[in-house]
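Structural characterization, general
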Amino acid sequence: MDAIKIGPRGTRALWFCVITAALIVLPLIVTKPFAIDIFIRVLLFAFIGVAWNLMGGYAKQLSLGHAAYFGLGAYTSTILLIRFGISPWIGILAGGVVAMLASLPIGALCFRLRGPYFAIATIATAQVLMLLFLKFRDFAWGAEGTTLPNLGNSPLMMQFGAKAAYYYIALAMLALGLAITYRIERSWMGYYLVAVGEDEDAAEAIGVNAPRIKRNVYLISAFLTALAGTFYVQYIYFIDPNTAFSFNVSVEAALVSIVGGIGTLWGPVVGTALLEPTSALLQSSLGSGHGGVQLTVYAVILIAVILWRPTGLVGLFTDAYARIFRTAPTRVSEASLDA
Amino acid sequence: MPELLVVRNLSKRFGGLRAVQDLSFSVGEGETVALIGPNGAGKTTSFNLITGYHRADAGSIRAFGRELVGMRPYDACALGLARTFQVGRPFGKMTVLANVMTGAFLRDKSPRGARTRAREAIEFVGLSAKEQTLASDLTTIDERRLEMARALATEPRLLLLDEVMAGLNPTEINQAVALVGQLSKRGLTIVIVEHVMRAIMAVASRIVVLDHGQKIAEGNPQDIVANKDVIRAYLGTGYAQEAPAGV
């Protein structure tokens, strides 16, 4: 997919149109629910990866606690829906705002730490939130969780009869995430984020307000992650603390980006396109009896990438494209953010 | 000559170590002042105190009509104070141009404007040919040039150079000396920490000598190389005989 980025402008635009068109007609051609379900998961986790990548990839603030925002988004919209009858379309934005507000104190605490200590602190925040929601029996259903009321096909309440509708929502969210990343990457913010990721002290010496830029990107990242949370519970019609604040979400967000290529626009998309179908197909073909096999394959992929492509798979695609079309890979932005 | 930087009774301890003790000096506008002294004398610590990387235990640092003690590095930079690091710290994943643009964004948030400013700074330090080179691929002298260009792109009035000549060969030192001279001609006020005496003698209008965190001498270069305390603490007796011929 990263091939879009290289070659002359015209070729790039052409590729972009072809891929966009293909993604739009995909659910019309492939109608098997199982296949569409995989597509939706790919788009959703790619989106979460994109949200994570803004902070974890560009600014190298390795968060392993993005489930906190995923869960807050999920719970906010669900509480608004069930307790107050408010449409998840409003709830999804409310969830985003709640996540942003939560990211301020969490960021203020966690950003005091650097490197692995930051990662550990973020894990703790997601776990603490999960424990809190396990205790909130009165308004958040405690450990049992709850199913969402099935209203049939009611688009205004973000419920649809056709699975394809969810596919298009997830696709739109991913497009939004990529558009935001694209804009940030090419603006001063992108340069500041990479500078902070490379060397925070050196960045501060040339006027980069590192605490502020980290806070701001954390706000954006938390907001986007919360959107994914709302979408996910609307999709599976169920919520409980273990699902909403699942450590898996945090790990997946980081993993798809690392495998695809952190700090690159398409990295999380490439990573998810590889990992998510692999895991889904293994799970369905092996059944629940061989739970370990799926994780083993996952681990093998991860080890292979770290050994042979530590900068992520995105580079592999650009290299291959360059070899096939015999065009020297040109540096897209001065930041060479994909280096 | 109006004073741009005034350091008064500055002190900093790290545990039992008195890194800087009761240090006072001032730098006039347009002046180039060198800070010299043996390793561990407190030169880099002084820089870190002035630029906000360490917080002083006591004393005051005034520049641009503001108190700098307690100010964060990026705020000091926004006021017009830029520095380079003793060990080059380029953003390795970025190209030279992107590195310098990051500095230029302080004064101009548009990529187009920042690029123009960055190119000026890159041209000034003579790095234009390597604009698209990744910073991690630069040689030592070019890394120093990049550090300077990045600092210059923030449009400082006061520039603190921390051992920009360390590790350079004699030809490169001459180039670096010329560069510092040009910066000074542009009207920049410079404080330079340096071990290469030949370079100091060429660029500094005044020298402050530190030893064990204290100022042991201050004066123009000719007086400093003849100063007995300085020779004993830092230059070594050999220098006293050589210096007059060399200068």
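For every chain, the first residue of the written sequence is number 1, and numbering continues from 1 onward in sequence order. Lettering of chains starts at A and numbering of ligands starts at 1, both following the order in which they are written. A pLDDT threshold of at least 70 governs which residues receive local features in this predicted model, and a stricter bar of 80 or more applies before side-chain atom pairs are shown or counted, although totals over entire chains, interfaces and linings include all residues.

Concerning the overall build of chain B
Going by this rule: Strands here mean DSSP runs of E at least two residues long; helices mean DSSP runs of H or I at least four residues long; both are numbered from the N terminus. Any residue surrounded by 20 or more other C-beta atoms within 10 Å of its C-beta is treated as buried, while 12 or fewer makes it exposed and the intermediate range makes it partly exposed; C-beta atoms here are placed from the backbone. Contacts are defined on C-beta atoms placed from the backbone: any two residues whose C-beta positions lie within 7 Å are in contact.
Looking only at helices and strands, one finds 10 helices and 10 strands in chain B. In chain B, which comprises 247 residues, the share counted as buried stands at 47%. Contacts in chain B between residues far apart in sequence, at least 24 positions, make up 62% of those at least 6 positions apart.

Some remarks on the overall build of chain A
Quick reminder of the rule: To get the radius of gyration, use the C-alpha atoms; to get the globule rule, take the number of residues to the power 0.38 and multiply by 2.2 Å.
For chain A, the helix and strand inventory stands at 15 helices and two strands. Taking 339 residues into account, the globule formula puts the C-alpha radius of gyration at 20 Å, and chain A, at 20 Å, falls close to it. Principal axes of the C-alpha set define a box for chain A whose edges measure 60 × 50 × 40 Å. In chain A, buried positions account for 47% of the 339 residues.

A word on the domain arrangement of chain B
Residue and element names in this part refer to chain B. Rules: Residue ranges for the domains originate in an automatic or database domain assignment. Following the grouping adopted for this structure description, the nonpolar residues are Ala, Val, Leu, Ile, Met, Phe, Trp, Tyr, Cys and Pro, the charged ones are Asp, Glu, Lys and Arg, and the polar ones are all others, Gly among them.
The assigned domain composition of chain B is domain 1 (3–80 + 158–246) and domain 2 (89–155). The centre of domain 1, based on its C-alpha atoms, is set 25 Å off from the matching centre of domain 2. Residue-level contacts link nine residues of domain 1 with eight residues of domain 2. When contributions to the side of domain 1 that touches domain 2 are tallied by element, the ones reaching two or more residues are α2 (73–79) and α6 (170–185). Split by residue class, the side of domain 1 that touches domain 2 holds seven nonpolar, one polar and one charged.

Some words on the sheet that holds strand β1 (residues 3–14) of chain B
In any sheet, the strands associate via hydrogen bonds between backbone groups, in a parallel or an antiparallel arrangement. Residue and element names in this part refer to chain B. For clarity, the threshold we go by: Two strands pair under a simple rule: DSSP has to find at least two bridges between them. Angles run from 0 to 180 degrees between N-to-C directions of axes, and those axes are lines fitted to C-alpha atoms, restricted for helices to the stretch in contact.
The strand order β2-β1-β4-β5 describes an open sheet built from four strands, whose pairing is antiparallel. Two strands in the sheet have a free side with no partner beyond their single neighbour: β2 (17–28) and β5 (66–67). The pairing of β1 with β2 spans eight bridges and is classified as antiparallel. Bridge assignment links Phe14 to a residue of β2, and that residue is Leu17. Its contacts with the sheet place helix α1 (residues 43–50) against β1, β2 and β4 (58–63), and it is angled at close to 65 degrees to β2.

Side note on the environment of Tyr69(A)
Residues and elements named next belong to chain A. Within the element layout of this structure, Tyr69 appears in helix α3 (residues 67–84). On the neighbour-count criterion, Tyr69 (38 C-beta atoms within 10 Å) is buried. With 97 residues separating them in the primary sequence, Tyr69 and Tyr166 have C-alpha atoms 21 Å apart. With near-sequence residues (within four places) excluded, Tyr69 lies in contact with Ala99, Ser103, Ala222, Thr225, Ala226 and Gly229.

Side note on unusual backbone geometry
Notably, Lys60(A) is not glycine yet its phi reads approximately 55 degrees, a positive angle. Tracing the backbone shows Lys60(A) in the loop between α2 (33–58) and α3. Backbone geometry places Asn9(B), a non-glycine residue, at a positive phi of 50 degrees. Its location among the elements puts Asn9(B) in strand β1.

As for the interface of chain A and chain B
Listed as interface residues are 22 residues of chain A and, on the opposing side, 30 residues of chain B. Within the residue set of the side of chain A that touches chain B, elements represented by two or more residues are α8 (188–198) and α9 (200–205) of chain A. With six residues, α8(A) is the largest single contributor of residues to the side of chain A that touches chain B. Per-class residue counts for the side of chain A that touches chain B are 11 nonpolar, four polar and seven charged.

Some thoughts on the pairing of strand β8 (residues 189–193) of chain B
All names here are of chain B. Keep this limit in mind: When the strands point away from the viewer, a crossover counts as right-handed if the route from the first strand across the helix to the second turns clockwise.
The buried fraction of β8 amounts to five of the five residues, a majority that puts the element mostly inside the structure. Residues of β8 alternate between two faces, with Thr189, Val191 and Val193 on one and Ile190 and Ile192 on the opposite face, all of them buried. Alignment of strand β3 (residues 32–36) against β8, held across four bridges, turns out to be parallel. By the bridge assignment for β8, Ala34 is matched with Ile192. Of the pairings in the sheet, the one linking strand β7 (residues 158–162) to β8 comprises five bridges and is parallel in character. Its bridge partner lying in β8, Leu159 is registered against Ile190. In terms of handedness, the path from β7 via α6 over to β8 forms a crossover that is right-handed.

A look at the environment of Ala46(A)
Residue and element names in this part refer to chain A. With respect to the element layout, Ala46 can be found in helix α2. With 30 C-beta atoms counted inside 10 Å, the residue Ala46 sits in the buried group. Each C-alpha atom, one on Ala46 and one on Pro268, is 5.5 Å from the other, the two residues being 222 residues apart in sequence.

Some points on the sheet that holds strand β9 (residues 206–211) of chain B
All names here are of chain B. The mixed open sheet is built from six strands, whose spatial order is β6-β7-β8-β3-β9-β10. Each end of this open sheet is capped by a strand with a single partner; those strands are β6 (81–83) and β10 (214–219). Taking each pair of neighbouring strands and ignoring which way they run, the sheet shows an average axis angle of 15 degrees. Seen against the sheet, α1 touches β3, β6, β7, β8 and β9 and runs at an angle of roughly 145 degrees to β7.

Looking at the packing of helix α3 (residues 96–104) of chain B against helix α4 (residues 111–124) of chain B
Residue and element names in this part refer to chain B. Applied cut-off: Any angle that is under 35 degrees is reported as roughly parallel, and any over 145 degrees as roughly antiparallel; angles of 65 to 115 degrees are reported as roughly perpendicular and all others as oblique. Crossing handedness is defined as follows: a turn of the near helix away from the far one that is anticlockwise and smaller than a right angle gives a left-handed crossing, while the clockwise case is right-handed.
The contact between α3 and α4 brings their axes to 8 Å, and the two run at 115 degrees. It follows from the interaxial angle that α3 and α4 lie roughly perpendicular. At the point where α3 passes α4, the crossing takes the right-handed sense. Judged by residue contacts, Val96, Leu97, Val100, Met101 and Ala104 of α3 engage Ala114, Arg115, Arg117, Ala118, Ala121 and Ile122 from α4. Residues belonging to the contact of α3 with α4 are distributed by class as follows: nine nonpolar, no polar and two charged.

What to know about the packing of helix α12 (residues 247–260) of chain A against helix α13 (residues 267–286) of chain A
All names here are of chain A. Packing of α12 against α13 leaves a shortest axis separation of 7 Å and a crossing angle of 105 degrees. Taken together, the axes of α12 and α13 lie roughly perpendicular to each other. From α12, Leu255, Val256, Ser257, Val259 and Gly260 reach across to α13, where they touch Gly267, Pro268, Val269, Val270, Gly271, Thr272, Leu274 and Leu275. Across the contact of α12 with α13, the residue classes break down as eight nonpolar, five polar and no charged.

Re α13(A)
Going by this rule: Given a helix with a known number of residues, its expected span is that number minus one, times 1.5 Å.
The terminal C-alpha atoms of α13(A), which comprises 20 residues, lie 28 Å apart, in line with the 28 Å expected from a rise of 1.5 Å per residue. Buried within α13(A) are the following residues: Gly267(A), Pro268(A), Val269(A), Val270(A), Gly271(A), Thr272(A), Ala273(A), Leu275(A) and Glu276(A).

Section: the nonpolar core
Condition: In this description, a nonpolar core means buried residues of the types Ala, Val, Leu, Ile, Met, Phe, Trp, Tyr and Cys, linked to one another by C-beta atoms lying within 7 Å.
Membership of the largest hydrophobic core comes to 177 residues, with the highest contact counts inside it found for Leu43(A), Leu44(A), Phe47(A), Ala170(A), Val100(B) and Ala149(B). The greatest single-element share of this core, amounting to 15 residues, is contributed by α2(A). Each of two domains, domain 1 (3–80 + 158–246) and domain 2 (89–155) of chain B, supplies a minimum of three residues to this core.

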